[in-house]
Amino acid sequence: MSDLGDWFRSIPLITRYWFAGSIAVPLVGKLGLVSPVNLFLWPDAFIHRFQIWRPITATFFFPVGPGTGFLYLVNLYFLYQYSSRLETGAFDGRPADYMFMLLFNWICIVVSFSSSNFEKYFDSSLLMIPLIMSVLYVWAQLNRDMIVSFWFGTRFKACYLPWVILGFNYIIGGSVINELIGNLVGHLYFFLMFKYPMDLGGRNFLSTPQFLYRWLPNRRGGVSGFGVPPASMRRAAEDQQGGGRHNWGQGFRLGDQ
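Residues numbered from 1 in each chain as written. Predicted model: local features only at pLDDT ≥ 70, side-chain atom pairs only at ≥ 80, totals over all residues. Heavy atoms only, no water.

**Student:** Run through unusual backbone geometry, naming residues and quoting values.
**Tutor:** The residue F50 is not glycine, and still its phi comes out positive at about 60°. Relative to the assigned elements, F50 resides in the loop between α3 (43-47) and α4 (54-60). (Helix = DSSP H or I, 4+ residues; strand = E, 2+ residues; numbered from the N terminus.)

**Student:** Run through the nonpolar core, naming residues and quoting values.
**Tutor:** Within soluble globular proteins, side chains that are nonpolar generally end up buried alongside one another. Ranked by size, the top nonpolar core spans 62 residues in total, and within it L86, Y98, M101 and Y189 carry the most contacts. Elements with a minimum of two residues in this core: α2 (13-30), α5 (69-88), α6 (95-114), α7 (128-142), α8 (161-173) and α9 (177-199). Once you skip the residues sitting within four places of it in the chain, Y98 turns out to touch I14, T15, W18, S83, L86, E87, F91 and V135. (Core = buried A, V, L, I, M, F, W, Y, C linked by side-chain atoms within 4.5 Å. Buried < 20%, exposed > 50% of the residue type's maximum accessible area, 1.4 Å probe, protein only. Contact = heavy atoms within 4.5 Å.)

**Student:** Give a detailed account of the packing of aromatic side chains, specifying residues and quantitative values.
**Tutor:** Considering all chains together, one arrives at 18 aromatic pairs under this definition. Seen in terms of ring centroids, F78 and Y82 are 6.3 Å apart; in terms of plane orientation they differ by 50°. Their pairing is tilted. Taken together, the positions of F78 and Y82, both in helix α5 and four residues apart, correspond to about one turn of that helix. Judged by its relative accessible area of 6%, F78 is buried. Each ring, one from F150 and one from F168, has its centre 5.5 Å from the other, and the planes form 90°; the classification is edge-to-face. Separated by 18 residues along the polypeptide, F150 in the loop between β1 (147-149) and β2 (155-157) and F168 in helix α8 bring together distant segments of the chain. Residues F150 and F168 agree in their burial class; the two are buried. Ring-pair connections join several aromatic residues into one group, and the members of that group are F100, F104, Y189, F190 and F194. (Phe/Tyr/Trp six-rings, centres within 6.5 Å; stacked < 30°, edge-to-face > 60°.)

**Student:** A description of the packing of α2 against α5 should follow, citing residues and the corresponding values.
**Tutor:** Put simply, α2 and α5 touch, their axes get as near as 8 Å, and they point 165° apart. Classified by the angle their axes make, α2 and α5 are roughly antiparallel. The hand of the α2/α5 crossing is right-handed. Across from L13, I14, T15, W18, F19, S22, I23 and P26 in α2, the residues of α5 making contact are Y72, L76, L79, Y80, S83, S84 and E87. Partitioned by chemical class, the residues of the contact of α2 with α5 number 10 nonpolar, four polar and one charged. (Axes fitted to C-alpha atoms, helices over the stretch in contact; angles between N-to-C directions. Parallel < 35°, antiparallel > 145°, perpendicular 65-115°, else oblique. Left-handed = near helix turned anticlockwise from the far one by under 90°. Nonpolar A, V, L, I, M, F, W, Y, C, P; charged D, E, K, R; others polar.)

What follows is the structure in structure tokens.
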């Protein structure tokens, strides 16, 4: 038991609580301590009956049974693996920024699943898989050229991993809506946080609220060196220096080891 405890304590802080909740809440539902009906995200109950706990419980709950147990374990592994990598890689020492990413993705997913216009397209009201997939998508984009291995020894670039897992989950679960929503939300965060402001020179629309920094203070400096400045920004800098050439450096991709 001490080995198990040491392993659990070795999991990064935010991933550790997320992982523990994703085990505890399904166990509570499986044991019948709380009816699973009260753990789903039902838009009518959430919006009109003010059952505000539903988006939270739906994030951790998964109906574990003979037909869903394998899918649950696979996605629990994805949660542990890629959330840990992201928290200790690109967001190392910056728990507030990682928490903000999770909150942003979670809010986008809740809004998607709570919309009456899209409710008819969703086969369930569980947020566990979409949130995991959004995190996996961000990790894959920050490590897009890394070669990853999947089942049966297949190897490909990390940027294709979210779509491979989408197809894999469709084979074992019969649906792609949850995975697709997660990928789209992950892409939205990655584009607004990294691609648009850092690679395209656009405005930074996302920033971590100060209360998160007070709650989860940084242990090291912020992000630097993601890609290289856009050509327009490099030309402006050169003009300000009288046309001299400025050494921006080669740059590197977040998450590369």
